[in-house]
Every structure is written in C-alpha cells, then in structure tokens.
Amino acid sequence: MQLPDLKEARKRTNNKVDYIYENKKVEKVLSGKKYFLKTYGCQMNVHDSEEIAGRLERLGLTKTDNMEDSDVVILNTCAIRENAHDKMFGFLGRCKHLKETKKDLIIGICGCMAQEASVCEEIIKKHPFVNIVFGTHNINELEELLLKNDHKLDINVYSIEGNVYENIPYSRDSKKTAWVNIQYGCDKFCTYCIVPYTRGKQRSRKSQDIINEVKELVANGYLEVTLLGQNVNAYGKDLEDELSFPELLQSVSDTGIKRIFFVTSHPWDFTDELIDVIKNNDNIMPYVHLPLQSGNDHILKLMGRRYTKEEYLELVKKIKANIPNVCLTTDIIVGFPGETESEFADTLEVVEEVKYDSAFTFIYSPRVGTPAALMKDNVTLKEKEDRLQRLNTIVNKYALINNQKYQDKVVEVLVLGESEKDHDKVYGYTNTMKLVNVNAPKDVIGKIINVKITDCKSFSLDGVIIDK
Ligand code: SAH
Ligand code: SF4
Ligand code: F3S
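1. As for the nonpolar core
And step 1. Of all hydrophobic cores here, the largest spans 51 residues; its most connected members are Leu227, Phe245 and Leu249.
And step 2. Structurally, this core is a two-domain feature, drawing no fewer than three residues from each of domain 2 (174-285) and domain 3 (319-405).
And step 3. Each residue touching Phe245, except ones within four places of it in the same chain, is listed here: Ile182, Leu227, Val232, Asn233, Tyr235, Phe262 and Leu274.
And step 4. With 31 residues, the next largest nonpolar core counts Met113, Val133, Ile155 and Val157 among its residues.

2. Digging into the pairing of strand 4 (residues 72-77)
And step 1. Of all 6 residues making up strand 4, 6 are buried, and the element is well covered by its neighbours.
And step 2. Residue alternation in strand 4 divides its side chains into two sets, Val72, Ile74 and Asn76 and Val73, Leu75 and Thr77, and both sets are buried.
And step 3. Two elements, strand 2 (residues 34-39) and strand 4, share 5 bridges in a ladder whose sense is parallel. What sits directly across from Leu37, in strand 4, is Ile74.
And step 4. Bridge count between strand 4 and strand 5 (residues 106-111): 6 bridges; the pairing is parallel. Note that in strand 5 the partner of Ile74 across the bridge is Gly108.
And step 5. Following the chain from strand 4 across helix 3 (residues 83-101) to the adjacent parallel strand 5, one finds a crossover that is right-handed.

3. A word on the domain arrangement of the protein
And step 1. In terms of domain boundaries, the protein breaks down into domain 1 (6-156), domain 2 (174-285), domain 3 (319-405) and domain 4 (410-467).
And step 2. The straight-line distance from the C-alpha centre of domain 2 to that of domain 3 is 25 Å.
And step 3. If you look at the interface, domain 2 gives 9 residues, while domain 3 gives 13 residues.
And step 4. Taken over both partners, the interface formed by domain 2 and domain 3 buries close to 950 Å², and the fraction arising from carbon and sulfur atoms is 73%.
And step 5. Of all residues in domain 2, Thr191, Tyr192 and Ile275 bury the most surface against domain 3, accounting for 53% of the area lost on that side.
And step 6. Among the elements that make up the side of domain 2 that touches domain 3, the one with the highest residue count is helix 9 (residues 272-280) (3 residues).

4. With respect to the site of ligand 2
And step 1. Close to ligand 2 lie Cys186, Lys188, Phe189, Cys190, Tyr192, Cys193, Val195, Pro196, Gln230, Asn231, His266 and Arg305, which account for all nearby residues.
And step 2. When the residues that make up the shell around ligand 2 are grouped by side-chain class, the tally is 7 nonpolar, 3 polar and 2 charged.

5. With respect to the packing of helix 11 (residues 309-322) against helix 12 (residues 341-354)
And step 1. It is at 11 Å that the axes of helix 11 and helix 12 come closest, and there the two elements cross at 10°. By the criterion of interaxial angle, the relationship of helix 11 to helix 12 is roughly parallel. From helix 11, Lys309, Tyr312, Leu313, Val316 and Lys320 reach across to helix 12, where they touch Asp346, Glu349, Val350, Glu353 and Val354.
And step 2. By residue class, the composition of the contact of helix 11 with helix 12 is 5 nonpolar, no polar and 5 charged.

Calculation rules
Residues numbered from 1 in each chain as written. Chains lettered and ligands numbered in written order. Predicted model: local features only at pLDDT ≥ 70, side-chain atom pairs only at ≥ 80, totals over all residues. Heavy atoms only, no water. Core = buried A, V, L, I, M, F, W, Y, C linked by side-chain atoms within 4.5 Å. Buried < 20%, exposed > 50% of the residue type's maximum accessible area, 1.4 Å probe, protein only. Domains from an automatic or database assignment. Contact = heavy atoms within 4.5 Å. Helix = DSSP H or I, 4+ residues; strand = E, 2+ residues; numbered from the N terminus. Pairing = 2+ DSSP bridges. Right-handed = clockwise from strand over helix to strand, strands pointing away. Buried area = accessible area lost by both parts, 1.4 Å probe. Near = heavy atom within 4 Å. Nonpolar A, V, L, I, M, F, W, Y, C, P; charged D, E, K, R; others polar. Axes fitted to C-alpha atoms, helices over the stretch in contact; angles between N-to-C directions. Parallel < 35°, antiparallel > 145°, perpendicular 65-115°, else oblique.

Here it is, written out as structure tokens:
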C-alpha cells in the first residue's frame, strides 16, 4: 500500500520525464463482466475516463449505465472545490449499500482526489470496503490492480510523476469528435489551485506522437479534435527542441482534420504568433477560452496569475481585432480571500468590457495545501454568494446578447446525437462551440451540416437544416 505525499510533489524533484510506448498483451479474462464508470471534473478527467473504459474493455468488460447491474464500479474524482469531497463520499455511501448485497463487487477510486493523502486516509478509516485506489499518474496499472485484487483495500497512488504514456487504448465516447491530450500537469501554481499537486508538473507529449494520433483519428473518420491541457499554450516549454504551441497547432491543422479546438489557454502564454495561426487556418475554430479569474490587479497578484487587468484587456482587444466573430469564454472566481467590494467591481467591469459569450463562475473554495488556503479571509459566504449572483446576471445578459447575433444566420454544425429534451431533434455544436438543437433527420448525426438559426437563448440556439 502506497500513500501519496503532496509535499513530495511540491518539491518538484526535477525528475526526468520518461516516454513509455505501451505494448501490453491483455487477454479478455473478465469477459461477461460489466463496469459502471462515474466521472466528475474537467475534460482532462473525462478523457482519463475514456482511457479507463478502454483498459476495462480490453479485459473483456462491457459498459453499463446501471450501477446495480455492474461487477466493477470506478469513480473518477475531481478535487478542484470542496463540494467535490461531499460528492465523492456521498457516492461511496451508495456503493457501500450495493456491496452489502453484492459481495464480489469491485470498487475503484481514482482521479485528482485520490492524489490527496488525507482522502486515502479517510478511505482507510471510514470506507475500507473500497478495493482499489489509484492516482492520476498510474492509470496504466489499472488492469494489473484489478486482476490482483483479493477483495481487500489496495491503495496505489504515486506522487512522483514523470512518465508520459503513449499507445493508450482509449474507448472514445464519440466517433466524430475526440479529445487529444497534448500535455499533462501544470507548472503555474496559481495560489488557489490544487491541480499542480494532483496532476504534477507540466509534461508535454512529443509533437510527433500528437500529430500521429490526429492523423489516425482523421483516417478513422473523426471530424474534430480538441487539444487538451491545463495550459495548452505553454505546450513544449518543458522540452528542448520541441515545437511551440502555435507550431504544433499549425501541424495539427496541416493533418486536414476539419475542426480544431484547444483548451485551456493561459493569458500569460497567449502570443501574437498564436493569434496569427488561428487567423490563418480555416480549420482552427474561432473559439478562445481565456480564464480571467479576477479583474483586479491586487487579487490577480495574490492569485499568482502573472497578468494585470490592462494586459488581459489588451490581449482580448488583439484577439477580437484579428479573429472575426471569435467566441470568447472565461472562468471567474469570486470571493478570493480578502476580496473587497471595489476589487470585485473591477471583475464586473472587465466582464462588461469583454462581453463574454459565456463564463464558468465559481465561489472561491479553499484547498488544503495551497498558499491561498492560508490567506486571511474576512469575506462572508453571504457576500460571496451575492457577488456570484450579481456576476452571473451580467454574464447571462451578454450570453443572450451574443447568441442573438446568430438569429437567421446560417452556420455549420457538427451533429453529435439525438437532442436530449426533444427526441425529434438532433444536437450539435457550431464552430464557435455553441450548442444548437436542430430540426433535422437522424441520419445527419456524425455530419457537419448547414443550419439556419431560428431562435436564440442564453445557453443554446435552435435551428433548421438547410441546403446551401
Ligand atoms: N487550467 C485551467 C483550469 C483549471 S480548473 C486554467 O488555468 O484556467 C478550472 C477552473 O476552476 C479555474 O479556471 C478556476 O476558475 C476554478 N478554480 C480552480 N481552483 C479553484 C478554487 N480553489 N476555488 C474556486 N474555483 C477554483
Ligand atoms: Fe490551476 Fe492555474 Fe494551473 Fe490552471 S494554470 S490548472 S488555475 S494552477
Ligand atoms: Fe478537477 Fe483534477 Fe480536473 S481537480 S478540474 S479533475 S484536473
């Protein structure tokens, strides 16, 4: 049993990154068994779950959406905010209940929360019916951990990161749009954020491996990729003689894939060269997710974000001037320790000026082990909730105004499936990542079609298929 040690991760031992080209022979020894996989968190976790699914399916397991029906339950956790903790332990309550009637059920916990020693200790003390705990650095060991489990708790979480695995057997959720990791971890250490501890230091994949993966996706009929990383535009900075992010993006564009998105960009690493590459290639989508976090210089400094309000606004101006009809989205935290009303007003001012298409907004949540958790916080929860509500009102106002610009326009939509609310309709995304529900026959699923927008709401558009 091995417990993670966040302090060790924090020391950043400059351990060397090994690139491991996996070549495992796996037999379908668990054929007939079913797995249930629940995922919390960001796209990174969603994509990790595609790896977990791929590894389980290689062993012969098949997926079920009904937990009661499963032989293996895996919970892929997120640690970004405190409520993640309650979600995970709430879910474990359900698992315990199920295990009382199903003695052979294997329960696995992984993801960012598993990287925290305190969480592992809590599992040992209060939830010993869990079978396997593994971390974000050793998903590749899942098959072995599962096969060797003797119905006792087995914790295997490493805090020394370093390896980049290739030839990962993903079982992708979609046949048309794919996540492609270009880097793992994060080196920015924003003072509120747990990610650099749970995911480790930045490790870029080799550009050739990324390009080969995209080429293979194209050959298999994929129309869209989203390049993934906590700081995509810092890609390659941890390697010698590697492409920069704009160069990588150009190479991915040259594969001929129809649509390319990338998340998340850090304003600090957003260069003019990157703007040029987006502008000059039709298959790089005019969509930029650019987390602001706060619009106040003092708070930004305390957050360790490395830019000022003015620098951020300059960058937005450049992006808007060069990329026509660009869709700009963001992340914002309210109620950072000590944030005053006038500091919060600066955030509102930036939102009024940028007029984002949408924003993920959060109340600051202290994460043990991060520097911000030690900062003095005299802002009441009520005040924070009030700020969040005021912020959301403005964010939603601009979301609607921006969406209304689409009225009666014809846009290209990659159709991904049947609409959840209305089974007579299909849903998909524009090249600006707007969700559209479309009146169209089901056989357009998986295709890029022309859609005329007939109605615009704050969070989605409605449209009808047309021939152009
Ligand atoms: N790497 C990305 C996103 C990381 S997590 C980036 O740098 O933007 C996604 C979002 O969660 C962050 O952008 C931030 O807005 C929010 N977040 C992170 N830590 C948080 C915390 N402790 N409390 C509240 N929100 C947080
Ligand atoms: Fe967290 Fe900052 Fe890294 Fe984003 S850039 S993952 S907010 S430390
Ligand atoms: Fe959560 Fe880990 Fe992503 S903490 S937001 S799942 S990197």
